[in-house]
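Commentary on secondary and tertiary structure
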Amino acid sequence: YINLERNMGAAAARNAGIREAKGQYLSFIDSDDIVSPDAFEKQLIFLKKKKANVVFSSHDYIDEFNNKIKTPFIVPEKVDYKGILKTCPVKPFTVLIDRNYIKQEIIMPEEAVKREDLGCWTSLLKEVTFFHGNKEVLGSYRILKNSVSRNKIKMCYYQWRFYREVEKINFFKSLYFFFNWGFQGVLKYYV
């Protein structure tokens, strides 16, 4: 158990955990998400089968009472850097990283406010060609009515800021990725 002296945000908390982690494999879980009891075992088998550095899995959606509220989100077979800028199919609690084959330091960039996981994935995808998606549903993503991610106006601001200030993508390419992200978001959460 790692206790930070003050609330410094999700990125700082995750980075403290990453610094303390000593194992070959790295995974994340937030307090409001759920993983299947055999998720890590299945992800490890999948990672070895694919000879991959990073894998992620499909998930379903639940409310605050653990009720399933949508059809499961089935991930693509692979995602690369440009693909993840259009839409991020990777939820932190579904990820398994083999640290033996990652040269760079794995961090959640604190400057990527509310998009720190995306910042970590884009950084890793500059080193590895793609992440492999496991289509098996291995966890549940909790959707809370009052969460920051539910406020789509604020999320638009953070996403645009991520393209321009964190990834330093020019205006027109940022616009392209932003519109793709918005369209895919509507499909992912509202259809």
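These remarks concern the structure in this document. (Residues numbered from 1 in each chain as written. Predicted model: local features only at pLDDT ≥ 70, side-chain atom pairs only at ≥ 80, totals over all residues. Heavy atoms only, no water.)

**With respect to the overall build of the chain**
Each helix and strand counted, the chain has six helices and six strands in total. Secondary structure of the chain in N-to-C order comes out as α-β-β-α-β-β-α-β-α-β-α-α. Since a compact globule built from 191 residues should have a radius of gyration of about 16 Å, the 16 Å found for the chain is in line with a globular shape. Considered along the principal axes of its C-alpha atoms, the chain spans approximately 40 × 40 × 40 Å. Within the chain, the proportion of its 191 residues that are buried is 44%. Considering only contacts within the chain whose residues lie at least 6 apart along the sequence, 73% involve residues at least 24 apart. (Helix = DSSP H or I, 4+ residues; strand = E, 2+ residues; numbered from the N terminus. Rg over C-alpha atoms; globule rule 2.2 N^0.38 Å. Buried < 20%, exposed > 50% of the residue type's maximum accessible area, 1.4 Å probe, protein only. Contact = heavy atoms within 4.5 Å.)

**Remarks on the pattern of salt bridges**
In total, this model carries seven salt bridges according to the counting rule given. The salt bridge involving Glu 165 is made with Arg 161; its shortest N-O contact spans 3.2 Å. With Glu 165 and Arg 161 both in helix H5 (residues 152-166) and four residues apart, this pair spans about one turn of that helix. Accessibility expressed as a relative area gives 46% for Glu 165, which makes it partly exposed. A single salt-bridge network, built from bridges that share partners, covers Arg 14, Asp 30 and Glu 116. (Salt bridge = Lys/Arg side-chain N within 4 Å of Asp/Glu carboxyl O.)

**Side note on the side chain of Arg 142**
In this fold, Arg 142 is placed in strand S6 (residues 131-142). Comment: no salt bridge for buried Arg 142; closest opposite-charge side chain is Asp 32, at 5.5 Å. For Arg 142, the side chain forms a polar contact with the side chain of Asn 66, separated by 2.7 Å. Excluding its chain neighbours within four sequence positions, the residues that come into contact with Arg 142 are Asp 32, Asp 33, Ile 34, Ile 62, Asp 63, Glu 64, Phe 65 and Asn 66. (Lys, Arg positive; Asp, Glu negative; His and termini not counted. Polar contact = N/O pair within 3.5 Å; in protein donor to acceptor, adjacent residues only side chain to side chain.)

**Remarks on helix H1 (residues 10-20)**
A turn of α-helix holds 3.6 residues, and therefore any two residues three or four places apart point the same way. Among the residues making up H1, those that are buried are Ala 11, Ala 12, Arg 14, Asn 15, Ala 16 and Ile 18. On the buried face of H1, the contacting elements are strand S1 (25-26) and helix H4 (116-125).

**Here we look at the pairing of S6**
A large share of S6 lies buried, amounting to nine of its 12 residues. The pairing of strand S2 (residues 34-35) with S6 spans two bridges and is antiparallel. Bridge assignment links Val 35 to a residue of S6, and that residue is Gly 139. In this structure, strand S3 (residues 54-62) lies alongside S6, joined through seven bridges in parallel fashion. Looking at S6, one finds that Phe 56 is bridged to Gly 133. Inspection of the sheet shows strand S4 (residues 78-79) paired to S6 by two bridges, in the antiparallel sense. Opposite Lys 78, over in S6, you have His 132 as the bridge partner. (Pairing = 2+ DSSP bridges.)

**A few points about the nonpolar core**
Core analysis: the largest hydrophobic core is formed by 42 residues, its most contacted members being Val 90, Ile 97, Trp 121 and Phe 131. Contributing elements (two or more residues each) for this core: H1, S3, helix H3 (81-86), H4, S6, H5 and helix H6 (171-190). Among all residues touching Trp 121, those that are not within four sequence positions of it are Phe 28, Ile 84, Cys 88, Val 90, Pro 92, Val 95, Ile 97, Met 108 and Phe 131. Phe 46, Leu 47, Ala 52 and Val 55 belong to the second-largest nonpolar core, a separate cluster that totals five residues. (Core = buried A, V, L, I, M, F, W, Y, C linked by side-chain atoms within 4.5 Å.)

**Considerations on the environment of Ser 27**
Tracing the chain through its elements places Ser 27 in the loop between S1 and S2. Taking the relative accessible area as the measure of exposure, Ser 27 reaches 25% and is therefore partly exposed. Considering only alpha carbons, one finds Ser 27 and Phe 56, 29 residues apart in sequence, at a separation of 9.8 Å. Filtering out sequence-adjacent residues up to four positions away, Ser 27 remains in contact with Phe 40, Val 95 and Leu 96. Among the polar contacts listed, one links the side chain of Ser 27 to the backbone oxygen of Val 95, at a separation of 2.7 Å.

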